[in-house]
Amino acid sequence: MKLNFKLFPEKSSQTAVLLIYTGGTIGMKEDPADGTLRPFDFSGILEEVPELRKFAVKIDSYTFNPLIDSSDVEPSLWQALARLIRDRYDDYDGFVVLHGTDTMAYSASALSFMLENLGKPVVFTGSQLPIGKLRTDGKENLISAVEIAAAKDSHRHPMVPEVSICFNAQLLRGNRSVKVNATGFDAFKSPNYPPLATAGISIKYNNSFIHYGYDRRKGLTVHTDLDTRVSVLKLHPGITEQAVRDILLGDGSRAVILETYGSGNAPCRPWFLSLVREAASRGKILLNVTQCMSGDVDMDLYATGRALKDAGVVCGHDITTESALGKLFYLMGGHADNEKVKALLEKNLKGEISK
Ligand code: ASP
């Protein structure tokens, strides 16, 4: 990794934004040899987006090495990002993270938990088409992200002191976002939470949905201890007892996210419930997250959900799987006691659930 260049010369008291480039389509161009997309040298970004020069904002850039397709993202990238933001926190008014779209919702979710008492914008963005392509969505996404990262209110306080995703003219809370479209420009949605801002002729901030609860007297605290021993069990008709057993009782997991049907329902076949009970009795953390895009888990609604609750499964409310994963990594990294983790899973820590 390297802090490779200052895009613009510094002027005193100027708002400053750090552009952090991790990889992804936004910074890729076609390899003439075989036509595949590969990362290009980010120092060429000004040639591709000369509009960035027009901002009255000092923009520096930091490039990760190696650049990665976000399908290769591991929690080590989140740790590196969190440390970088911590180390540069006092130097910048906001941060823009350029990241592949495939796992952007996972990364933004995880960072939202890892950055405690965040008082500055951390805006993730990327694109569906490389920035060098004529019809790219990358330019607009990047320009809006920089504008939002630099935006201040009349008291010079940041407009959006949260981890967010800026995509297709919408700013979404990071830990509420999901990638919903593999090819369209409207790649992200936050189905259970309104956009934090919308970019039209001007950028409209939905202040009543933005979290301003940070304590100005305290600084940023970064949590980089993550316990990744989490598995995801997506239910489907025809799922076999062996498959459920392998995931629920496998030695590799301390927690299992159960991706259930509808409002948190699962088969009530005896073998299934007895495996859930056995996993719970072994102390595993079991979290109920719905497969549905919107709405929430209510384990009191149907007998099939109630049986999970009685077996000791924790209600995920309207959390996304992406966010549940980050929340579990963070909570388990900080707490050895599974009962403590379960209690905290039920709490709204960073606006990730409507509770
Ligand atoms: N595979 C790419 C990535 O996630 C896709 C993208 O950036 O949109 O890095």
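Shown above is the structure to which this text applies.
Scope of this entry: the structure provided in the associated data block. Being a predicted model, the structure only gives us computed values, none of them experimental. (Residues numbered from 1 in each chain as written. Predicted model: local features only at pLDDT ≥ 70, side-chain atom pairs only at ≥ 80, totals over all residues. Heavy atoms only, no water.)

**Thoughts on the overall build of the protein**
Step number 1: On a plain count of helices and strands, the protein comes out with nine helices and 19 strands.
Step number 2: By its C-alpha atoms, the protein is 65 × 55 × 35 Å across when sized along the principal axes.
Step number 3: Taken across its 355 residues, the protein has 56% of its residues classed as buried.
Step number 4: The contacts in the protein between residues at least 6 apart in sequence include a share of 74% that link residues at least 24 apart.
Step number 5: With the model as given, the accessible surface of the protein reaches about 15,500 Å², and the carbon-plus-sulfur share is 49%.
Step number 6: Considering the protein, the positive charge centre built from 41 side chains and the negative charge centre built from 42 side chains are found 4 Å apart. (Helix = DSSP H or I, 4+ residues; strand = E, 2+ residues; numbered from the N terminus. Buried < 20%, exposed > 50% of the residue type's maximum accessible area, 1.4 Å probe, protein only. Contact = heavy atoms within 4.5 Å. Areas by Shrake-Rupley, 256 points an atom, 1.4 Å probe, with all protein chains shown as cover. Lys, Arg positive; Asp, Glu negative; His and termini not counted. Charge placed at Lys NZ, Arg CZ, Asp CG, Glu CD.)

**What to know about the packing of aromatic side chains**
Step number 1: Applying the stated rule across the entire model yields eight aromatic pairs.
Step number 2: With a centroid separation of 6.5 Å and 5° between ring planes, the pair formed by Tyr89 and Phe95 is classed as stacked. A single burial state applies to Tyr89 and to Phe95, both of which are buried.
Step number 3: An aromatic cluster is built from Tyr89, Tyr92 and Phe95, whose rings are joined through pairwise contacts.
Step number 4: The aromatic ring of Tyr89 is capped on one face by Lys120, whose charged end is 4.6 Å from the ring centroid. (Phe/Tyr/Trp six-rings, centres within 6.5 Å; stacked < 30°, edge-to-face > 60°. Lys NZ or Arg CZ within 6 Å of the ring centre and 35° of its normal.)

**Quick look at the site of the ligand**
Step number 1: The ligand sits among Gly24, Thr25, Asp69, Ser70, Gly100, Thr101, Asp102, Ser127 and Gln128.
Step number 2: Thr101 places a polar side-chain atom, nitrogen or oxygen, 2.4 Å from an oxygen atom of the ligand.
Step number 3: Summarising the interface, the protein chains cover 90% of the accessible area of the ligand, which totals 270 Å² for the free molecule. (Near = heavy atom within 4 Å. Polar contact = N/O pair within 3.5 Å; in protein donor to acceptor, adjacent residues only side chain to side chain.)

**Some points on the environment of Cys315**
Step number 1: By the element assignment, Cys315 lies in strand E19 (residues 314-315).
Step number 2: When its relative accessible area of 9% is taken as the criterion, Cys315 is described as buried.
Step number 3: Along the primary structure Cys315 and Ser76 are separated by 239 residues, whereas in three dimensions their C-alpha atoms are 28 Å apart.
Step number 4: Apart from residues lying up to four places away in sequence, Cys315 is in contact with Leu287, Asn288, Val297, Met299 and Glu346.

**Re the packing of helix H5 (residues 241-249) against helix H6 (residues 270-281)**
Packed helix pairs are characterised by how far apart their axes lie and by the angle those axes make with each other.
Step number 1: Where H5 contacts H6, the axes come no closer than 10 Å and their chain directions differ by 10°. Between H5 and H6, the interaxial angle falls into the category roughly parallel. Within the contact between the two elements, H5 uses Glu241, Val244, Arg245, Leu248 and Leu249 and H6 uses Trp271, Phe272, Leu275, Val276, Glu278 and Ala279.
Step number 2: Of the residues contributing to the contact of H5 with H6, the split by class is eight nonpolar, no polar and three charged. (Axes fitted to C-alpha atoms, helices over the stretch in contact; angles between N-to-C directions. Parallel < 35°, antiparallel > 145°, perpendicular 65-115°, else oblique. Nonpolar A, V, L, I, M, F, W, Y, C, P; charged D, E, K, R; others polar.)

**Looking at the pairing of strand E6 (residues 94-98)**
Step number 1: Burial analysis of E6 places five of its five residues in the buried class, which makes it a mostly covered element.
Step number 2: The two faces of E6 match: Gly94, Val96 and Leu98 on one face and Phe95 and Val97 on the other face are all buried.
Step number 3: The sheet contact formed by strand E2 (residues 16-21) and E6 spans five bridges and is parallel. Bridging across to E6, Val17 finds its partner in Gly94.
Step number 4: Across four bridges, E6 lies against strand E8 (residues 122-125) in parallel orientation. In the sheet register, Val97 faces E8, and the bridge partner there is Phe124. (Pairing = 2+ DSSP bridges.)

Keep in mind these values describe shape, not function.
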